[in-house]
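Coordinates in review
Spelled out, the chains give:
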Amino acid sequence: MSLEGGGFVQKIIGAILIILASGGIGVTKGLELQKYLRELELLKQLFWMLKREIQYTKAPFSEAFSHIGRRMEGAQGEWLLYLAKQIEELWTESIDRCLIKSQLKNKDKEELKAIGKQMGYLDEQMQLGTIDLYLEQLSFVIQKTREELVMKKRLCNCLGVMGGIFLVIILI
């Protein structure tokens, strides 16, 4: 009887561990969504800073990126400092190299690459217009992500726990 009781206890412990692990996966996914929103907000801040730098100091891109890169933290700051050194040919490469650790989606990175291709060929007013357009797009994505965040986090948490319960049912 104690052997059977031990097997039952092992099953219960195993079931609890599976549910906790799968719930943890759901929580992790929810946290990733939250980090993504934060990175979008940092990107928006970065482009506001770039716009002001171009408007008020008339600084060339490499100087503007260097100033802003020293003020930004994380992957974006690293990206800008790297970019300031090698602005002309490495905008795209710097995004691929330095933003690989970020939560930004491939679509976001492709939009950044497109802006870089336009910026080197435009006068000050056109550069500012391009930045304004990108800031509007970024504001829309941030608003949409913020609206979806609570629901998606809750969904990820529920799916994680429900997936664990489903797995326990199948295994028992």
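Summarised in this report is the structure supplied together with it. (Residues numbered from 1 in each chain as written. Predicted model: local features only at pLDDT ≥ 70, side-chain atom pairs only at ≥ 80, totals over all residues. Heavy atoms only, no water.)

1. Quick look at helix α3 (residues 74-85)
For α3, spanning twelve residues, the distance from its first C-alpha to its last is 18 Å, which sits close to the expected 16 Å at 1.5 Å a residue. Buried within α3 we find Ala75, Gln76, Gly77, Trp79, Leu80, Tyr82, Leu83 and Ala84. (Helix = DSSP H or I, 4+ residues; strand = E, 2+ residues; numbered from the N terminus. Expected span 1.5 Å × (residues − 1). Buried < 20%, exposed > 50% of the residue type's maximum accessible area, 1.4 Å probe, protein only.)

2. Overview of the pattern of salt bridges
Following the criterion strictly, the structure yields eight salt bridges and no others. Here Glu110 and Lys113 are joined by a salt bridge, their closest N and O atoms 3.4 Å apart. Remark: Lys113 and Glu110 occur in helix α5 (residues 106-119); sequence separation between them is three residues, near one turn of the helix. Several salt bridges share partner residues, and in doing so they unite Asp96, Glu110 and Lys113 into one network. (Salt bridge = Lys/Arg side-chain N within 4 Å of Asp/Glu carboxyl O.)

3. Let's talk about the nonpolar core
If you look at the biggest cluster of nonpolar residues, it comprises 41 residues, and the most contacted ones within it are Phe47, Leu50, Phe65, Trp79, Leu80, Trp91 and Leu112. Of all elements in the fold, only α1 (2-57), α2 (61-71), α3, α4 (87-98), α5 and α6 (124-171) reach the threshold of two or more residues within this core. Top contributing element to this core by residue count: α1, with eleven residues. Dropping the residues within four chain positions of it, Leu50 is found in contact with Ala64, Phe65, Ile68 and Ile131. (Core = buried A, V, L, I, M, F, W, Y, C linked by side-chain atoms within 4.5 Å. Contact = heavy atoms within 4.5 Å.)

4. A look at the packing of aromatic side chains
In this description, a pair of aromatic rings is defined by centroid distance and the angle of the planes. Enumeration according to the criterion identifies three aromatic pairs in this entry. Relative to Trp91, the ring of Trp79 has its centre 5.6 Å away and its plane inclined at 75°; by these criteria the two rings are edge-to-face. Here the residue Trp79 occupies a position in helix α3, and Trp91 occupies one in helix α4, the gap between them amounting to twelve residues. Like Trp79, the residue Trp91 is buried in the burial classification. Taken together, Phe65, Trp79 and Trp91 form an aromatic cluster joined through their ring pairs. (Phe/Tyr/Trp six-rings, centres within 6.5 Å; stacked < 30°, edge-to-face > 60°.)

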